[in-house]
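Take a look at the letters that make up each chain.
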Amino acid sequence: NRQGPSGLLSTSNPDHSEGKTLTTWKEQTVNVAGSELVLVRGGQGKPLVVLHDEMGYTGWMGWNEELAKVRELIIPLQPGFGKSARLDWAWRHRDIANFYQNMIRELNLGKVDLLGFSAGGYIAAEMAAAYPEQLSSLALVGPMGIKPDEGEIYDMFACTINTYLRASVASQENEFANIYGGEMTPEQFELFEDARAESARIGWEPYMFNPSLPWLLRSAANAKLPTVLIRGKEDGIVPQDCIRKYKEALPQAEVVTIDGAGHRPEIEKKDAFVAAVKKVLS
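Residues numbered from 1 in each chain as written. Predicted model: local features only at pLDDT ≥ 70, side-chain atom pairs only at ≥ 80, totals over all residues. Heavy atoms only, no water.

A. A look at the pairing of strand 5 (residues 47–51). For strand 5, the tally of buried residues reaches 5 of 5 residues, placing the bulk of the element in the interior. Covered by surrounding structure in strand 5 are Pro 47, Val 49 and Leu 51 together with Leu 48 and Val 50, the residues of both alternating faces. Each parallel crossover has a hand, and the one from strand 5 via helix 1 (residues 62–67) to strand 6 (residues 72–76) is right-handed. One ladder, built from 4 bridges, connects strand 5 with strand 7 (residues 112–117); its direction is parallel. Paired with Leu 51 across the bridge in strand 7 is Gly 116. (Buried < 20%, exposed > 50% of the residue type's maximum accessible area, 1.4 Å probe, protein only. Helix = DSSP H or I, 4+ residues; strand = E, 2+ residues; numbered from the N terminus. Right-handed = clockwise from strand over helix to strand, strands pointing away. Pairing = 2+ DSSP bridges.)

As structure tokens, then:
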């Protein structure tokens, strides 16, 4: 069976591609701003907060293992995505960003490195715009959040789950097959639908972008927050123009394009992806 979003089965997972045992991680429930939030934590060193994409957390993978050698990965399971309860007061990605900023403060994490994927990149960008001083670095991977002038962000609500997942990669080999291959169980289907429902609730209109975000990011630009913008060259979900406009808003950012990858370079080209993230880790 495929591995569904937020589906955590044990405290360590095997690396199916190499037959190795990965770093031990744990699932932890914390109270943030009066609400319970489920975290996945693993690795060692300075905190690296990781924000998963609009389809939910897919489990501990090879790229997690590599970054866990130099950082403690802290991965909040986004409220409303199955394991963490929905925040009824949160109606925009900016609200989730504010919630995560409270998480960083209340857990006394200090200045953190921040890594966000797709819609998680949108949330990470909102965090950087609101309070760049809370961050040591920012890595955005195929980030939504800014409306492109050319092309459109792929509409995840106009197709089936399987169609959207297939559109997210250039190749369905490597770790993609381990994560999303096989028959979907009813529980996994429900988790995916929870993720889509919450993504629709907070990102439907305007669709997965904030018109004011490019201007709000001036605070991160003025703070010269070390930033890397990562995109798979064959990304079919987020257009290249989104990266161009992020670069305009964050002129200090380095842009890394990964050949042979789509919207999921972390599972399609793991080594190149990890190297790109490490460019901004201090």
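The rest of the description comes next.
B. Fine view of the side chain of Lys 245. Within the secondary structure layout, Lys 245 lies in helix 9 (residues 240–249). Note on Lys 245: relative accessible area 18%, which makes it buried. When residues no more than four places from it in sequence are discounted, the contact partners of Lys 245 are Ile 146, Lys 147, Pro 148 and Asp 149. (Contact = heavy atoms within 4.5 Å.)

C. The packing of helix 2 (residues 93–106) against helix 3 (residues 119–130), seen in detail. Two numbers describe how helix 2 lies on helix 3: the axes approach to 8 Å, and their chain directions differ by 65 degrees. The pairing of helix 2 with helix 3 is recorded here as roughly perpendicular in orientation. The two elements helix 2 and helix 3 cross, and the hand of that crossing is right-handed. Residue-level contacts link His 93, Arg 94, Ile 96, Ala 97, Tyr 100, Gln 101 and Ile 104 of helix 2 to Ala 119, Tyr 122, Ile 123, Glu 126, Met 127 and Ala 130 of helix 3. For the contact of helix 2 with helix 3, a count of residues per class yields 9 nonpolar, 2 polar and 2 charged. (Axes fitted to C-alpha atoms, helices over the stretch in contact; angles between N-to-C directions. Parallel < 35°, antiparallel > 145°, perpendicular 65-115°, else oblique. Left-handed = near helix turned anticlockwise from the far one by under 90°. Nonpolar A, V, L, I, M, F, W, Y, C, P; charged D, E, K, R; others polar.)

D. Just empty space enclosed by the protein, in detail. Applying the stated rule across the entire model yields 3 cavities of 30 Å³ or more. Taken as a whole, the largest cavity encloses approximately 120 Å³ of empty space. Contributing to the lining of the largest cavity are 14 residues, with His 52, Thr 58, Trp 63, Phe 117 and Arg 264 lying nearest its centre. Looking at the lining of the largest cavity, its residues break down into 6 nonpolar, 5 polar and 3 charged. (1 Å grid on protein atoms, 1.4 Å probe; cavity = no way out; pocket = protein on both sides within 12 Å on 5 of 7 lines; lining within 4 Å. Points joined across faces, edges and corners; volume = space filled by probe spheres on them.)

E. Seen up close, the packing of aromatic side chains. As enumerated under the stated definition, the model contains 8 aromatic pairs in all. Ring centres 5.3 Å apart and planes at 35 degrees place the aromatic pair Phe 157 and Trp 204 in the tilted group. One end of the pair, Phe 157, is in the loop between strand 8 (135–141) and helix 4 (161–167); the other, Trp 204, is in the loop between helix 6 (186–203) and helix 7 (213–216), with 47 residues separating them in the sequence. Between Phe 157 and Tyr 207 the ring centres are 5.9 Å apart and the planes differ by 85 degrees, which places this aromatic pair in the edge-to-face class. Note that Phe 157 is positioned in the loop between strand 8 and helix 4 and Tyr 207 in the loop between helix 6 and helix 7, a separation of 50 residues in sequence. Pairwise contacts between aromatic rings join Trp 63, Phe 117 and Phe 273 into one cluster. (Phe/Tyr/Trp six-rings, centres within 6.5 Å; stacked < 30°, edge-to-face > 60°.)

F. The arrangement of the pattern of salt bridges in detail. Scanning the model with the defined rule gives 17 salt bridges in all. For Glu 248, the salt bridge identified is with Arg 244, shortest N-O distance 2.7 Å. Remark: Arg 244 and Glu 248 occur in helix 9; sequence separation between them is 4 residues, near one turn of the helix. On the basis of relative accessibility, which here comes to 33%, the residue Arg 244 falls in the partly exposed class. The partner of Arg 264 in a salt bridge is Glu 266, with the nearest N and O atoms 2.6 Å apart. Taking relative accessible area as the criterion, Arg 264 reaches 4% and is therefore assigned buried. Here the salt bridges do not stand alone but share partners, grouping Asp 149, Asp 241, Arg 244, Lys 245 and Glu 248 into one network. (Salt bridge = Lys/Arg side-chain N within 4 Å of Asp/Glu carboxyl O.)

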